[in-house]
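So you can see what is in the structure, the chains are spelled out below.
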Amino acid sequence: MAMNAVILMKGVIIGLIMASPFGPVGLIFIQRSLQNERYEGIASGLGIATGDMFYSIVTVFGITVLYDFINVYLFFIKIIAFGVLCYMAIRTLSVRAEFKILENHQRSLVKSFFLSFGLALHNPSSIVVFAFLFALFDIGEVLTCANGVLLITGIFSGSLILWFTTNNIVHFIRETGKLNYLSMIYRLSGVTLLILSGLLLFSLIRPGIL
């Protein structure tokens, strides 16, 4: 029972990481959420979370191959991940994020869902990221069919939580009319990515920390 709870919690954490609004997908989501109504933002978040769940299912079924490979080369993969995080941080800090509100749009929850779902599916590299996170959290060795379902449920839940929270924050800022706050948040995301890359570098120096 305790193991199932741990697997579920790890799934939620992985879902939160995968749903990070700091990258290109997050930028598109924020802009769409800003342009549309609150419920359309929820539908968009549901679409992205469903796409993440799809790739998590694919990864769970193929985990034995990917997990073994990543476990062997985890040190080198961490080095690559460190470089990628630094690149994303620098790019996030340097790109000028401009957010605009478009009026008189046609409301469509179904369209919002499928557009975001397609956006998530457009990134098949998510499979490798999932496999890397599974190896990082030591999931592969204890994964069974039963707790595999729990893991996927946790990933879906974590992704939903973050996208729904992001949507609410965006609409709260929209109601205040201070869109420059969104740019500030996006800049803070770049700083967060730098911190994460620092933690990853620390884990290379002190194995077992992360």
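This is a predicted model, so every value here is computed, not measured. (Residues numbered from 1 in each chain as written. Predicted model: local features only at pLDDT ≥ 70, side-chain atom pairs only at ≥ 80, totals over all residues. Heavy atoms only, no water.)

Draft legend 1. Broad picture of the overall build of the chain. Scanning the chain from N- to C-terminus turns up 9 helices and 0 strands. Walking the chain from its N terminus toward its C terminus, one meets helices and strands in the order α-α-α-α-α-α-α-α-α. A buried classification covers 42% of the 210 residues belonging to the chain. Taking contacts inside the chain between residues at least 6 apart in sequence as the whole, the part at least 24 apart equals 90%. Of the roughly 11500 Å² of accessible surface on the chain, 72% is carried by carbon and sulfur atoms. (Helix = DSSP H or I, 4+ residues; strand = E, 2+ residues; numbered from the N terminus. Buried < 20%, exposed > 50% of the residue type's maximum accessible area, 1.4 Å probe, protein only. Contact = heavy atoms within 4.5 Å. Areas by Shrake-Rupley, 256 points an atom, 1.4 Å probe, with all protein chains shown as cover.)

Draft legend 2. Representation of the side chain of D52. Relative to the elements of secondary structure, D52 occurs in helix α3 (residues 38-61). Classification of D52 by relative accessible area gives buried; the value is 5%. The residues contacting D52, other than those within four sequence positions of it, are M18, A19, A120, F130, S159 and W163.

Draft legend 3. The arrangement of the nonpolar core in detail. Membership of the largest hydrophobic core comes to 21 residues, with the highest contact counts inside it found for I14, F130, F132, F134, L151 and I155. Elements that contribute at least two residues to this core include exactly α1 (2-18), α3, α5 (74-94), α7 (126-136), α8 (145-176) and α9 (180-205). Contacts of F130, omitting those with residues within four sequence positions, involve I14, M18, D52, Y55, S56, T59 and I155. Among the nonpolar cores identified, the runner-up in size contains 5 residues, and A19, F29, A120 and W163 belong to it. (Core = buried A, V, L, I, M, F, W, Y, C linked by side-chain atoms within 4.5 Å.)

Draft legend 4. Inspection of the side chain of N167 at higher detail. Within the element layout of this structure, N167 appears in helix α8. Given a relative accessible area of 0%, N167 falls into the buried group. In contact with N167, other than residues within four places in its own chain, are F29, S33, R38, G41 and I42.

Draft legend 5. A look at the packing of aromatic side chains. Applying the stated criterion to the full structure yields 3 aromatic pairs. Pairing F54 with Y55 gives two aromatic rings, centres 5.4 Å apart and planes at 70°, and the pair type is edge-to-face. Classification of Y55 by relative accessible area gives buried; the value is 7%. Geometrically, the ring pair formed by F113 and F117 is stacked, given 6.1 Å between the ring centres and 5° between the ring planes. Of this pair, F113 and F117 both sit in helix α6 (residues 109-121), 4 residues apart, which is roughly one turn of that helix. Side by side, F113 and F117 carry an identical accessibility label, which is buried. Taken together, the aromatic side chains of F113, F114 and F117 make up a single cluster linked through ring pairs. (Phe/Tyr/Trp six-rings, centres within 6.5 Å; stacked < 30°, edge-to-face > 60°.)

Draft legend 6. Structural context of the environment of L109. One can find L109 in helix α6. Distance from L109 to E40, taken between C-alpha atoms, is 5.2 Å for residues 69 residues apart in sequence.

Draft legend 7. Seen up close, α6. Taking 1.5 Å of rise per residue, the 13 residues of α6 would be expected to cover 18 Å, and the 18 Å separating its terminal C-alpha atoms lies within 8% of that figure. Among all positions of α6, only S112, F113, S116, F117, L119 and A120 are buried. The buried residues of α6 occupy one face: seen down the axis, they fall within an arc of 160°. Across from the buried face of α6, at angles greater than 90 degrees, the exposed residues are V110, K111 and F114. (Expected span 1.5 Å × (residues − 1). Arc of directions from axis to C-beta.)

Draft legend 8. Region of the structure containing the packing of α3 against α8. Where α3 meets α8, the axes come as close as 8 Å, and the angle between the chain directions of the two elements is 155°. Classed by the angle they form, the pair α3 and α8 counts as roughly antiparallel. For the pair α3 and α8, the sense of crossing is right-handed. Across the contact of α3 with α8, the residue classes tally to 14 nonpolar, 8 polar and 3 charged. (Axes fitted to C-alpha atoms, helices over the stretch in contact; angles between N-to-C directions. Parallel < 35°, antiparallel > 145°, perpendicular 65-115°, else oblique. Left-handed = near helix turned anticlockwise from the far one by under 90°. Nonpolar A, V, L, I, M, F, W, Y, C, P; charged D, E, K, R; others polar.)

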